[in-house]
Amino acid sequence: MSTDPPPTEPVRPEILRQLAEVLRRAERTAGVAGGGVDTPHSSLVTSGVPAVDRLLPSGGFVRGTLVEWLAPPNVCGPGAAGGAGALALSAAREAAFAGGAVVVVERADGDALRFHPPAAAAWGVDLARLLIVRPTSDADEIWALDQVARCRGVAAWLWWGGGLEGRDFRRLQLATEQSGSLGLLVRPCALQSQPSWATLRMVVEPLPAAHTAGANDEPRQTVQRLRVRLLRVRGGADAATVDLEIDDATYTIAAAKRGDLAASLADSASLARRAGA
């Protein structure tokens, strides 16, 4: 018979106490303890990108819902480094404009933490109201997401994640609906065929980058380009698309100029033909 001691359980009660206190402070700061984020036009949140808003039946995102971006690895990275992340940060910034915290749930995996608060600040997120939760296991990650989604002092929460069990996804959807927060999920496009409880799903695809001439002999600037396609939206037309430009120098996102985009696509096709010759 083994005399080894039983495995030590995670010290979750203490973690729970600390997180609960942080979230209570967020509620008090937002002035919504027990009442939810409450502003005259609180139900609708602009994406921060007019071209994206025009795709949506309501003209923006609705509080109390989940919004999901699906993207390949090169535009799916945590923070603003991936184009999908920049879109998520833009929406979070707008959701917190009238108050409330922005919470990022990021899996702590050794030295692989990749969310950089200074990048979020560059996109206009108030660092004084930014909280980062770093769980260390699958179970703690789901638990932390559930706790954050239920907090009425959270204006928006972001998660760069992978697969979700259906019951966990549904639980997050219900918690977000009850709290009135905006849940922003950035996930790999390989999960596109899996069921989702998000009200809105968008696929983000990379396009050939644009190059703009620098002023006064400065180096040419590279502008990231993306295509956003509606995969599912309640009450709207699926498969609608918009092409965007992300300017990392000015931290802005705008509709791509059609003429310049056509030229970039043609250049890309020409280079591909030469490579294959």
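Everything numeric in this text was worked out from a predicted model, so none of it was measured.

Colleague: Which parts of the structure should I look at to understand the overall build of the protein chain?
Modeller: Assigned secondary structure in the protein chain consists of seven helices and eleven strands. Within the span of the protein chain, comprising 277 residues, buried residues form 45% of the whole. Excluding contacts between residues fewer than 6 apart, the proportion of contacts in the protein chain whose partners are at least 24 apart in sequence is 69%. Surface accessibility of the protein chain: about 14,000 Å² in total, with carbon and sulfur atoms responsible for 54%.

Colleague: Help me understand the confidence of the model for the protein chain in this model?
Modeller: Do not read the fine detail of predicted coordinates wherever pLDDT is low. Averaged over the protein chain, the pLDDT score is 78; the fraction of residues at 70 or greater is 68%. Between residues 261-277, whose pLDDT stays under 50, and residues either more than four places distant or in other chains, the model counts eleven contacts.

Colleague: Before we go on, may I ask you to explain the pattern of salt bridges in this structure?
Modeller: Where charged atoms from two side chains of opposite charge approach closely, those side chains can pair. Under the criterion given, the structure shown has 13 salt bridges. The shortest N-O distance in the salt bridge between Glu68 and Arg201 comes to 2.8 Å. Placement of the pair is Glu68 in strand E3 (residues 66-71) and Arg201 in strand E8 (residues 200-212), with a sequence separation of 133 residues. The class of Glu68 is buried, set by a relative accessible area of 0%. Members of the salt-bridge network, linked through shared partners, are Asp146, Arg150, Asp168 and Arg171.

Colleague: Whenever I open this one, the environment of Ala190 confuses me. Can you help?
Modeller: Residue placement: Ala190 occurs in the loop between strand E7 (182-188) and E8. For the pair Ala190 and Ala71, spaced 119 residues apart in sequence, the C-alpha separation works out to 8.2 Å.

Colleague: Help me out: how do you make sense of the packing of aromatic side chains in this one?
Modeller: What characterises a pair of aromatic rings is the spacing of the ring centres plus the angle enclosed by the ring planes. What the rule picks out here adds up to three aromatic pairs. Here Phe115 and Trp160 contribute two aromatic rings whose centre-to-centre distance is 5.8 Å and whose plane-to-plane angle is 45°, an arrangement assigned as tilted. With Phe115 in the loop between strand E4 (101-105) and helix H4 (117-122) and Trp160 in strand E6 (residues 154-160), the pair connects residues that are 45 residues apart, well separated along the chain. No difference in accessibility class separates Phe115 from Trp160, as the two residues are buried. Considering the side-chain rings of Trp123 and Tyr251, the 5.6 Å spacing of their centres and the 85° angle between planes classify their relative orientation as edge-to-face. One end of the pair, Trp123, is in the loop between H4 and strand E5 (130-133); the other, Tyr251, is in the loop between strand E10 (241-247) and strand E11 (252-255), and 128 residues separate them in sequence.

Colleague: Even after reading the chapter, I still don't get the packing of helix H5 (residues 138-150) against helix H6 (residues 166-179), so can you show me in this structure?
Modeller: Helix packing for two helices is described by the angle between their axes and how far apart those axes are. The interhelical angle for the contact between H5 and H6, taken along N-to-C directions, is 20°, at an axis separation of 7 Å. One way to sum up the angle between H5 and H6 is to call them roughly parallel. Listed contacts from H6 to Ile142, Leu145, Asp146, Ala149 and Arg150 of H5 are Asp168, Arg171, Leu172, Ala175, Thr176, Gln178 and Ser179. Tallied by class, residues from the contact of H5 with H6 come to five nonpolar, three polar and four charged.

Reading the values: rules and limits
Residues numbered from 1 in each chain as written. Predicted model: local features only at pLDDT ≥ 70, side-chain atom pairs only at ≥ 80, totals over all residues. Heavy atoms only, no water. Helix = DSSP H or I, 4+ residues; strand = E, 2+ residues; numbered from the N terminus. Buried < 20%, exposed > 50% of the residue type's maximum accessible area, 1.4 Å probe, protein only. Contact = heavy atoms within 4.5 Å. Areas by Shrake-Rupley, 256 points an atom, 1.4 Å probe, with all protein chains shown as cover. pLDDT = per-residue confidence, 0-100. Salt bridge = Lys/Arg side-chain N within 4 Å of Asp/Glu carboxyl O. Phe/Tyr/Trp six-rings, centres within 6.5 Å; stacked < 30°, edge-to-face > 60°. Axes fitted to C-alpha atoms, helices over the stretch in contact; angles between N-to-C directions. Parallel < 35°, antiparallel > 145°, perpendicular 65-115°, else oblique. Nonpolar A, V, L, I, M, F, W, Y, C, P; charged D, E, K, R; others polar.

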